[in-house]
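# Structural description and commentary
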Amino acid sequence: MAAHLSYGKVNLNILREAARKDLREFLDKCAGSKAIVWDEYLTGPFGLIAQYSLLKEHEVEKMFTLKSGRLPSADVKNIIFFVRPRLELMDIIAENVQSEDKLHSSRDFHILFVPRRSMLCEQRLKDQGVLGSFINMDEYILDLIPYDGDLLSMEYESAFRECYLENDQTSLYHTAKGLMTLQALYGTIPQIYGKGDCARHVANMMLRMKREFAGIQNQILPVFDTLLLLDRNVDLLTPLATQLTYEGLIDEIYGINNGYVKLPPEKFAQKKQGEASKDLPTEPKKLQLNSAEELYAEIRDKNFNAVGAALSKKAKIISAAFEERHNAKTVGEIKQFVSQLPHMQAARSSLANHTSIAELVKDITTSEAFFDSLTVEQEFMTGVDTDKVNTYIEDCIAQKDPLIKILRLVCMQSVCNNGLKQKVLDYYKREILQTYGYEHLLTLHNLEKAGLLKPQTSSRNNYPTIRKTLKLWMEDANEQNPNDISYVYSGYAPLSIRLTQVLARPGWRSIEEVLKMLPGPHFEERQQLPSGLHKKRQQGENRTTLVFFLGGVTYAEIAALRFLSQMEDSGMEYIIATTKLINGTTWIKTLMDRPESHAA
């Protein structure tokens, strides 16, 4: 199941196995048959660690979603609540337990908090009078979840909001803890670089935790050479832009959650000859997307304009392979062909799926609306007319386009102009509130506080300097055979990835001035390794850097880092970690105070 996690430079299956071992140990503490009551948000991340088969082996017979009222009936000895430490969930649990007590059932209750226990939650259960009903209260430390062979995510949705709006550093503590777990499994990371306030906090916490364990020497040969911690607010522009890689567009249009995407079913219906099409499926088609699928691994990071050619090339290879059957004459040849059949059939069905997905995406990307929006984005990125009210945005508001689309564009204009003139900002705010409702006043305030939509304070706009120095805009980006990371946005090179690229060569000293223009401190720390653990690098062996995005990362940025890892002369391999996989829409939604009403 998880073979694709161990193909890369770093075997991330070790991390998954450690998480599975902890889960088995907890389940075995609760002897007898079990039912798990899930906090719904956790089912996706847990699915990447353990399938139902593992739970079944440990006597889990039933699974329910946590909701108020009575628990569904189940003939089991143990009821285990798997929950995040949230007060509102404690009230639901209390209600569940009280309704069971009324029935005088002799079940044992247990709670597993993910990723940490919380005194506040335990106090809430005590106030509700049910704390004594629990036999086991434990925590299951699930910080970093392996998503792919080079990708880890904490799936901590509110991290950016907590850090920048609520001044709450809980997510940074979890990040530091997650990095300590990683070092316990993969060795101490000798060099730490960082940019941004949150990065500084995480590094400080890691160094403090290391001092607290000073007596315990980590004897594992380091797998990572460098850790780079990057704050999301160092680069607010990248997530606002529309991603133009295959995977990025699937996420922008349909949303990828925990490695799965739900798609409209019509494109995937198997129509037989002469059958009426009235029996088309109505359930969305759910597909898993990761590098275990050969074709997906090949096309996921390509610019969407290069995907069509790649698919037709693959189609020719597959049909040629099927034609081989006519040449199989001897028994040995026929046997060999038959043995390859399952693989070929899997390749054919994979091709059919991705051809359908590409058609769905193409319907959107070839629309006039998509083109117009992209044109405005690219004008902002190149610094065209960023200081006045944009007529396209005005038209979109007048047509009552989705609010999130408006917010992404207005924030982008603000970021590319280092804030908007008060007059322009007030105009946008007034138009948005009058069209979409005054309840969005709080959302506009949040965007301002997070630095996404702000008045211009200094007369100097630094963005053009940053753009020129870091070459953030490349004319004539080659989308088919890219030679630079700017292909992921058809011209715009993500600032976060340029910083990563420059750090590797020639180093941040060469861009000191630009770093000062970006928010937060930049720093370098070294962690002492026990003697004998210093890596002796073989000739031509690549260095490995773990890039950790605090506050979220997009699939286009991941594609750009994979591109750098594959470059012949880069000498560097990148593993990516983040608090959450995001796109502009999901990111802005976390900053909205009533995202449900007008976001869609």
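The protein has the name Vacuolar protein sorting-associated protein 33A in an unreviewed UniProt entry, where Oryzias melastigma is given as its organism. Of the comments in the UniProt record for the protein, the one headed Sequence similarities (unreviewed entry) reads "Belongs to the STXBP/unc-18/SEC1 family."

It is worth spelling out the overall build of the protein at this point. Looking only at helices and strands, the protein has 24 helices and 15 strands in total. At 26 Å, the protein has a C-alpha radius of gyration in line with the 25 Å of a compact globule built from 600 residues. Burial status across the protein gives 53% buried among its 600 residues. For the protein, long-range pairs separated by at least 24 residues make up 79% of all intrachain contacts whose partners lie at least 6 apart in sequence. Approximately 27900 Å² of the protein is accessible, and the part contributed by carbon and sulfur atoms is 51%. Of the charged side chains in the protein, 72 are positive and 77 negative, and the gap between their average positions amounts to 3 Å.

As a further point, take helix α12 (residues 307-323). With 17 residues, α12 should cover 24 Å at 1.5 Å per step; its first-to-last C-alpha distance of 24 Å lies within 8% of that length. Considering only its buried residues, α12 is in contact with α10 (246-253), α11 (294-299) and α13 (331-365).

As a further point, take the sheet that holds strand β9 (residues 226-231). Strands sit in the order β6-β7-β15-β14-β9-β8-β13 across an open sheet of seven strands; the sheet is mixed. Since the sheet does not close on itself, it has two edges, and those belong to β6 (145-148) and β13 (522-526), each with one partner. Ignoring strand direction, the axes of neighbouring strands in this sheet form an average angle of 20°. Bridge count between β9 and strand β14 (residues 543-550): six bridges; the pairing is parallel. Among the inter-strand pairings, T226 is bridged to a residue of β14, identified as T545. Packing of helix α7 (residues 170-186) onto the sheet brings it into contact with β7 (151-153), β9 and β14, and relative to β14 it is tilted by some 160°. Across the sheet, helix α22 (residues 555-566) touches β6, β7, β14 and β15 (572-578), and the angle it forms with β15 is around 160°.

Next up on the list: the domain arrangement of the protein. Looking at the assigned domains, one finds that the protein contains domain 1 (3-142) and domain 2 (258-271 + 280-366). Computed from C-alpha atoms alone, the centre-to-centre distance between domain 1 and domain 2 is 38 Å. Listed as interface residues are four residues of domain 1 and, on the opposing side, four residues of domain 2. Buried area between domain 1 and domain 2, summed over both chains or domains, comes out near 360 Å², and the portion from carbon and sulfur atoms is 59%. Taken as a group, H4, G44 and L48 account for 85% of the area that domain 1 buries against domain 2, more than any other trio of residues on that side. Counting every contact that joins domain 1 to domain 2 gives zero salt bridges.

On to the environment of E568, then. The topology assignment puts E568 in the loop between α22 and β15. Through-space distance from the C-alpha of E568 to that of Y140 is 41 Å; in sequence the pair is 428 residues apart.

This part is about helix α23 (residues 584-591). Here α23 has its buried residues at G584, W587, I588, T590 and L591. Within α23, the buried residues cover an arc of 155° as seen down the axis, which keeps them to one side. Check the buried side of α23 and you find it contacts α6 (159-164), α9 (237-240), α16 (403-416) and α18 (441-449). For α23, the side-chain oxygen to backbone nitrogen distance between the N-cap and T585 is 2.9 Å, and the N-cap itself is N583.

Judged by pairing direction, the sheet is parallel, and its five strands sit side by side in the order β2-β1-β3-β4-β5 without closing on themselves. Looking at strand neighbours, the two that pair on one side only are β2 (60-65) and β5 (134-139), the edges of this open sheet. Direction aside, the axes of adjacent strands within the sheet are offset by 20° on average. Strand direction decides the pairing type here: strand β4 (residues 108-113) and β5, joined by five bridges, are parallel. Looking at the pairing, I111 lines up with M137 of β5. In the packing of helix α4 (residues 87-102) onto the sheet, contacts are made with β3 (78-83), β4 and β5, and the angle to β3 comes to roughly 170°.

Moving on, we get to the nonpolar core. In terms of nonpolar packing, the biggest core is built from 168 residues, with F82, L229, L452 and L499 touching the most fellow members. Residue contributions to this core peak at ten residues, all from α16. Taken domain by domain, this core gets at least three of its residues from each of domain 1 (3-142) and domain 2 (258-271 + 280-366). Sequence-distant contacts of L229, defined by excluding residues within four places in its chain, comprise L179, I192, Y193, G194, K195, A199, V202, A203, F548 and L550. Counting 23 residues, the second largest nonpolar core, distinct from the first, contains L71, I93, V97 and F134.

Let us now look at the pairing of β4. In terms of burial, β4 is largely enclosed, as six of its six residues are buried. A two-sided burial pattern is seen for β4, the buried positions comprising D108, H110 and L112 on one face and F109, I111 and F113 on the other. In the sheet, β3 pairs with β4 via six bridges, with the strands oriented parallel. Within the sheet, the bridge partner assigned to I79 lies in β4 and is F109. Once the chain exits β4 it traverses helix α5 (residues 119-127) before rejoining the sheet at β5, and the crossover so formed is right-handed.

On to the packing of aromatic side chains. A complete count under the given rule lists 16 aromatic pairs for this structure. Taking 6.3 Å as the distance between ring centres and 20° as the angle between the ring planes, the aromatic pair formed by F81 and F109 counts as stacked. Here F81, found in strand β3, pairs with F109, found in strand β4; they are 28 residues apart in sequence, far enough to count as distant. Each member of the pair, F81 as well as F109, carries the same accessibility label: buried.

Right, let's talk about the packing of α7 against helix α8 (residues 197-212) for a bit. Interaxial distance between α7 and α8 falls to 9 Å at its minimum, and their mutual angle equals 50°. Judged by the angle between their axes, α7 and α8 are oblique. Here α7 and α8 pass one another in a crossing that is right-handed. When α7 is examined against α8, the residues L172, Y173, T175, A176, K177, L179, M180 and Q183 are found in contact with a partner set consisting of C198, H201, V202, M205, M206, M209 and K210. Among the residues making up the contact of α7 with α8, the classes are represented as ten nonpolar, three polar and two charged.

So, about the side chain of S171. Mapped onto the secondary structure, S171 falls in helix α7. For S171, the residues in contact, after removing those within four places along its chain, are M154, Y156, A159, E162 and C163.

Basis of the calculations
Residues numbered from 1 in each chain as written. Predicted model: local features only at pLDDT ≥ 70, side-chain atom pairs only at ≥ 80, totals over all residues. Heavy atoms only, no water. UniProt positions renumbered as here; feature names shortened; annotations may be inferred. Helix = DSSP H or I, 4+ residues; strand = E, 2+ residues; numbered from the N terminus. Rg over C-alpha atoms; globule rule 2.2 N^0.38 Å. Buried < 20%, exposed > 50% of the residue type's maximum accessible area, 1.4 Å probe, protein only. Contact = heavy atoms within 4.5 Å. Areas by Shrake-Rupley, 256 points an atom, 1.4 Å probe, with all protein chains shown as cover. Lys, Arg positive; Asp, Glu negative; His and termini not counted. Charge placed at Lys NZ, Arg CZ, Asp CG, Glu CD. Expected span 1.5 Å × (residues − 1). Pairing = 2+ DSSP bridges. Axes fitted to C-alpha atoms, helices over the stretch in contact; angles between N-to-C directions. Domains from an automatic or database assignment. Buried area = accessible area lost by both parts, 1.4 Å probe. Salt bridge = Lys/Arg side-chain N within 4 Å of Asp/Glu carboxyl O. Arc of directions from axis to C-beta. Polar contact = N/O pair within 3.5 Å; in protein donor to acceptor, adjacent residues only side chain to side chain. Core = buried A, V, L, I, M, F, W, Y, C linked by side-chain atoms within 4.5 Å. Right-handed = clockwise from strand over helix to strand, strands pointing away. Phe/Tyr/Trp six-rings, centres within 6.5 Å; stacked < 30°, edge-to-face > 60°. Parallel < 35°, antiparallel > 145°, perpendicular 65-115°, else oblique. Left-handed = near helix turned anticlockwise from the far one by under 90°. Nonpolar A, V, L, I, M, F, W, Y, C, P; charged D, E, K, R; others polar.

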